[in-house]
Amino acid sequence: MQGSVRFDNVEKVYGDRVLLSIDTFTVNPGQCILISGDNGSGKTTLLKIMSGLLKPEKATVTKNDVSLPWVKAKSMLQSEMVYLHQTPYMFDTSVFNNVAYGLRATKVPKAQVEEKVWQCLRWARLDHLTPRNAKLLSGGERQRVALTRARIVNPSFLILDEPTANMDRGSRHQTYELIQRLQSEGMSIVISSHDVEFFANIIDFHYFLEAGNLRKIDIGTKQRKHKSSAVVTPFQRKGR
Amino acid sequence: MQDIYQATKEALILLLGGDPGIWEIVGISFSVSLQAILYITPLSLLLAFLLAFGNFRGRRILISTFHTFLAIPAVVVGLTVYIFLSRNGPLGDLGLLFSQTAMVIGQMILAFPIVVAMSHSALQSSDRAIWETAKTLGASSPKAMFTVMYEARFGLFAAVIAAFSRIIAEVGCSMMVGGNILHHTRNIPTAIALETSKGEFAQGIALGLVLLFLALALNLLLSSARYRLEMA
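Residues numbered from 1 in each chain as written. Chains lettered and ligands numbered in written order. Predicted model: local features only at pLDDT ≥ 70, side-chain atom pairs only at ≥ 80, totals over all residues.

Check the secondary structure of chain A and you find 8 helices and 10 strands. Since a compact globule built from 240 residues should have a radius of gyration of about 18 Å, the 18 Å found for chain A is in line with a globular shape. Summarising its shape, the C-alpha atoms of chain A cover approximately 45 × 45 × 35 Å along the three principal directions. In chain A, which comprises 240 residues, the proportion classed as buried is 42%. Partitioning the intrachain contacts of chain A with sequence separation of at least 6 by distance along the chain shows that 70% fall at a separation of at least 24. (Helix = DSSP H or I, 4+ residues; strand = E, 2+ residues; numbered from the N terminus. Rg over C-alpha atoms; globule rule 2.2 N^0.38 Å. Buried ≥ 20, exposed ≤ 12 C-beta atoms within 10 Å, placed from the backbone. Contact = placed C-beta atoms within 7 Å.)

Written out as structure tokens, the structure reads:
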């Protein structure tokens with residue numbers, strides 16, 4: 001069920017260090033949010049908390065104006081958000097089985113799994129990779145398979161941790177295009193990246209994570225016209 | 001030298017000629033050790049997973065305990081099981097002493113810490129992203145656990161094989177709680193010990209060869225599985 005998710009008073013401590021101390025942060029349906037910050041500033045930790053994969057020391061999670069205790073919030077976040085690692089983990093099986101994982105895990109009937117997986121692979125133009133072992137894919141291919149694997153379970157929010165880090169130009173372009181297509185379908189996306197310029201065309205909000213807290217950055221005229229059907233790549237925008 | 005040659009020749013004749021006495025002993029060994037490994041593997045893997053991925057009080061002490069029990073001598077396990085199963089022991093009424101069941105119990109106690117400790121190491125070194133990916137894609141905790149185990153399957157397989165190799169070759173515990181009774185509790189290591197003490201080397205060598213071939217076969221199986229994965 002789509003709806004805003006608000007995080008208040010998020011605190012995460014490692015040893016003596018308070019890594020995160022965020023006053024408030026809201027993710028709204030249909031929006032694309034970029035979180036940037038220095039290395040070690042806590043971006044991955046924040047994204048994992050948002051996805052229900054990491055327990056914070058303190059946090060109040062509110063969904064549809066109902067405040068949830070962490071146990072319930074965790075379950076809600078895990079069902080609504082799909083988190084993609086910077087280097088997505090590929091299960092040691094074919095690309096087809098990787099994409100089918102989420103459907104099989106939620107006991108979708110076999111015939112539907114087959115149909116949906118093929119549909120998604122064709123949508124992502126990855127059908128030629130279907131029989132290959134996913135562990136042997138290149139970094140760019142892995143990221144696109146991971147995006148397809150996430151899309152198939154139809155999450156409310158997609159949480160992408162440095163989705164284009166350490167990629168060559170071609171792979172960055174293809175991954176960007178896929179993220180843009182997901183967004184044009186109405187998927188809510190939260191991206192963490194150092195590469196603010198690269199995502200400037202698709203983001204609605206930009207936050208900078210600094211000293212454990214989020215600071216909103218004015219993105220001014222660069223704000224994306226995200227209902228546009230045209231797929232504009234950062235390469236075209238920059239005239240490369 | 002001539003004696004060793006002669007004994008080895010006789011051993012091969014015994015083995016290849018299908019000597020029923022030899023193969024009965026081999027059968028008892030496999031039956032007892034396979035039962036022991038089958039009974040403890042599910043619980044060992046579950047415990048190893050909890051130790052690797054869980055976060056509960058006493059976790060570190062449990063890990064250290066299992067690693068300590070890796071070095072427990074088989075005769076100490078044998079002595080403990082013997083005390084419990086002997087007529088005056090707490091479980092004496094069950095009448096299990098000098099039975100295959102007693103041998104299975106002893107071997108389960110020996111194999112359990114090996115599978116737990118080695119599986120824990122394999123799971124501990126597996127990528128945390130497996131669990132997180134499974135959970136974020138909607139898997140239940142048991143499903144995510146099986147996914148992690150599948151991804152770490154070669155390490156887990158190696159743990160089970162190491163434990164099986166240890167228990168099928170141990171002599172102390174089987175001798176004490178099994179009693180080395182012919183046609184009943186005489187297995188490969190106890191038979192080797194007995195035949196050697198009698199100066200009957202041929203049967204000892206034959207049974208030793210079975211153990212060596214078994215070790216070779218298990219290791220080849222593991223290597224070929226790893227090779228297939230790397231070549232996939």
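We now examine the overall build of chain B. For chain B, the helix and strand inventory stands at 11 helices and 0 strands. Counting from the amino terminus, chain B carries its helices and strands in the arrangement α-α-α-α-α-α-α-α-α-α-α. Projected onto the principal axes, the alpha-carbon positions of chain B cover approximately 65 × 55 × 25 Å. Split into buried and exposed, the 232 residues of chain B put 40% on the buried side. Within chain B, counting contacts between residues at least 6 apart in sequence, those at least 24 apart form 75% of the total.

Moving on, we come to the packing of helix 3 (residues 95-105) of chain A against helix 5 (residues 139-151) of chain A. Residues and elements named next belong to chain A. The contact between helix 3 and helix 5 brings their axes to 7 Å, and the two run at 35°. The interaxial crossing formed by helix 3 with helix 5 has right-handed handedness. From helix 3, V95, N98, V99, Y101 and G102 reach across to helix 5, where they touch V145, T148 and R149. Here the residues of the contact of helix 3 with helix 5 are counted per class, giving 4 nonpolar, 3 polar and 1 charged. (Axes fitted to C-alpha atoms, helices over the stretch in contact; angles between N-to-C directions. Left-handed = near helix turned anticlockwise from the far one by under 90°. Nonpolar A, V, L, I, M, F, W, Y, C, P; charged D, E, K, R; others polar.)

Our focus in this paragraph is the pairing of strand 4 (residues 58-63) of chain A. Residues and elements named next belong to chain A. Taken together, the 5 bridges between strand 1 (residues 5-14) and strand 4 define a ladder with antiparallel strand orientation. Residue F7 lies in a different strand from strand 4, and its bridge partner there is V61. Where strand 4 meets strand 5 (residues 66-68), 3 bridges bridge the pair, whose relative direction is antiparallel. The partner of K63 across the bridge, within strand 5, is V66. Count of turn residues in the strand 4/strand 5 antiparallel hairpin: 2 residues, of which N64 carries a positive phi of about 50°. (Pairing = 2+ DSSP bridges.)

Turning our attention to the sheet that holds strand 1 of chain A. All names here are of chain A. Pairing within the open sheet is antiparallel, and its 4 strands lie in the order 2-1-4-5. Each edge of the open sheet is held by one strand with a lone partner, namely strand 2 (17-27) and strand 5. Pairwise comparison of adjacent strand axes, ignoring direction, gives a mean angle of 20° for this sheet. Two strands pair when backbone bridges link them, and strand 1 and strand 2 are joined in this way by 9 bridges, in the antiparallel orientation. Within strand 2, the residue paired with R6 across the bridge is T26.

All names here are of chain A. Pairing is mixed across the open sheet formed by 6 strands, whose spatial order is 6-7-8-3-9-10. Each having just a single partner strand, strand 6 (81-84) and strand 10 (213-217) make up the two edges of the open sheet. Adjacent strand axes in the sheet meet at a mean angle of 20°, parallel and antiparallel pairs treated alike. As paired strands, strand 3 (residues 32-37) and strand 8 (residues 188-192) are joined by 4 bridges and run parallel to one another. When the bridges of strand 8 are listed, L34 appears paired with I191.

With 16 residues of chain A in contact, the opposing surface of chain B contributes 14 residues. Among the elements of the structure, strand 6 and helix 3 of chain A are those that each provide at least two residues to the side of chain A that touches chain B. Taken together, the residues that form the side of chain A that touches chain B break down as 8 nonpolar, 6 polar and 2 charged.

The next point concerns the nonpolar core. Residues I159(A), V190(A), A111(B) and V115(B) are the most contacted members of the largest nonpolar core, which totals 133 residues. Broken down by element, the residue count for this core peaks at 16 residues, all from helix 5 (residues 100-124) of chain B. The residues contacting V115(B), other than those within four sequence positions of it, are I40(B), T41(B), S44(B), A159(B), V160(B) and A163(B). (Core = buried A, V, L, I, M, F, W, Y, C linked by C-beta atoms within 7 Å.)

So, about unusual backbone geometry. All names here are of chain A. In this structure, R125 takes a positive phi of about 55° despite not being glycine. Along the polypeptide, R125 turns up in the loop between helix 4 (110-123) and helix 5. A positive phi angle, close to 50°, is found at A211, a residue other than glycine. Inspection of the secondary structure assignment puts A211 in the loop between strand 9 (205-210) and strand 10.

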